[in-house]
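Listed below are the residues making up each chain.
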Amino acid sequence: MDKNLYRIGFWVSLVAFIAMVGFSVAQISQLFGVPRYPWDAVLIYGFSLCIATPLMLAFLALHYVTPEGRRYWSHAALLFSVIYALFVSFNYVVQLTAVIPYPDANPVLNQTPHSLFWTVDALGYIALGLATLFAVPLFSNRGVQKWVKWFFLANFLVTPLICIVYFYPVFSMTLLLLGLPWIVTGIGSTLFLMLFFKGGSKIEQT
């Protein structure tokens, strides 16, 4: 059973990693005005949507390969990953299906700075930061687990920067640059989580 879980964990982590790279390229390209709206938004929301569910399933696999005595931490991480996936998936599906295709879309649905869906998106990424934080105690300081551990911790530590980007009263493109470290921690987290499952590394009981 564990072998199957590691296999599932690898594939869903791989999908999340590929989507994370795609999102990162789309986000950086948007800063240079390439491509133009609506395709920049379609790519960003589309790749972001493809991160959420696979990453949640990776946390689910992580929970089930965790020894019984340490499952509080993996369960907490899983719960926050579910919150993340729920909030951001709701947002991105609305943007892709109810906003972008319509020039006269209801402005309440539009994700603009300090709007309802802007806040929903922020709550999703805060939850993801907490998911990676609660998973940190699961990993040792050896081999690939060390890299998962430190990238997960780094991902949580950039969460305050994400909060500033989302909640600072005046939004600007310069402010958006504060969130760029999340690209590094997000790619690194999904990459090394994938390698953790690929190598079949065991989480220690204590």
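Within each chain, residues carry numbers counting from 1 in the order of the written sequence. Predicted model: local features are reported for residues with pLDDT of at least 70 only, side-chain atom pairs are reported and counted for 80 or more only, and whole-chain, interface and lining totals are derived from all residues. Here the side-chain values reflect all heavy atoms present in the structure, with hydrogen atoms and water set aside.

1. Concerning helix α5 (residues 143–157)
Which entries qualify depends on this criterion: Strands are runs of DSSP state E lasting at least 2 residues, helices are runs of H or I lasting at least 4, and numbering of each runs from the N terminus. Here a helix's expected span is defined as the number of its residues, less one, multiplied by 1.5 Å. Three exposure classes are used, based on accessible area relative to the maximum for each residue type with a 1.4 Å probe and protein chains only: buried under 20%, partly exposed in between, and exposed over 50%. In what follows, residue pairs with any heavy atoms lying within 4.5 Å of each other are defined as contacts.
Here α5 contains 15 residues, and its C-alpha end-to-end distance of 22 Å stays within 8% of the 21 Å for a straight helix at 1.5 Å per residue. When α5 is considered as a whole, its buried residues turn out to be Gln145, Val148, Lys149, Phe151, Phe152 and Asn155. Of the surrounding secondary structure, the elements contacted by the buried residues of α5 are α2 (39–64), α4 (116–135), α6 (159–167) and α8 (181–199).

2. A closer look at the pattern of salt bridges
The condition is simple: Any Lys or Arg side-chain nitrogen found within 4 Å of a carboxyl oxygen on Asp or Glu counts as a salt bridge.
The full count for this structure, using the stated rule, is two salt bridges. In this structure, Arg71 engages Glu68 in a salt bridge whose closest nitrogen and oxygen atoms are separated by 3.4 Å. Residue Glu68 is classed as exposed on the basis of its relative accessible area of 61%. For Arg142, the salt bridge is made with Glu204, and the minimal N-O distance between the two is 2.1 Å. With Arg142 in the loop between α4 and α5 and Glu204 in the segment after α8, this pair connects stretches of sequence that are 62 residues apart. On the basis of relative accessible area, Glu204 is assigned to the partly exposed category, the value being 31%.

3. Focus: unusual backbone geometry
Here the residue pair Val34 and Pro35 is connected by a cis peptide bond, since its omega of -10 degrees sits within 30 degrees of zero. Within the fold, Pro35 resides in the loop between α1 (2–31) and α2. Between Tyr37 and the following residue, Pro38, the backbone shows a cis peptide bond with an omega angle of 10 degrees. For Pro38, the position within the fold is in the loop between α1 and α2. The backbone phi angle of His114 is positive, close to 70 degrees, even though this residue is not glycine.

4. Considering the packing of helix α3 (residues 71–99) against α4
Cut-off, in case you're wondering: For helices, the fitted line uses only the C-alpha atoms of the stretch in contact; every axis is such a line through C-alpha atoms, and the angle between N-to-C directions lies from 0 to 180 degrees. Roughly parallel here means an angle under 35 degrees, roughly antiparallel means over 145, roughly perpendicular means 65 to 115, and every remaining angle is called oblique. By convention, the crossing between two helices is left-handed when the near helix turns anticlockwise from the far helix through less than a right angle, and right-handed when the turn is clockwise. When residue character is reported, Ala, Val, Leu, Ile, Met, Phe, Trp, Tyr, Cys and Pro are called nonpolar, Asp, Glu, Lys and Arg charged, and the others, Gly included, polar.
Across the interface, α3 lies against α4 with an axial gap of 7 Å and an inter-helix angle of 160 degrees. Here α3 is positioned roughly antiparallel relative to α4, judged by the angle of their axes. In terms of crossing hand, the pair formed by α3 and α4 is left-handed. Here the residues of the contact of α3 with α4 sort into 21 nonpolar, four polar and one charged.

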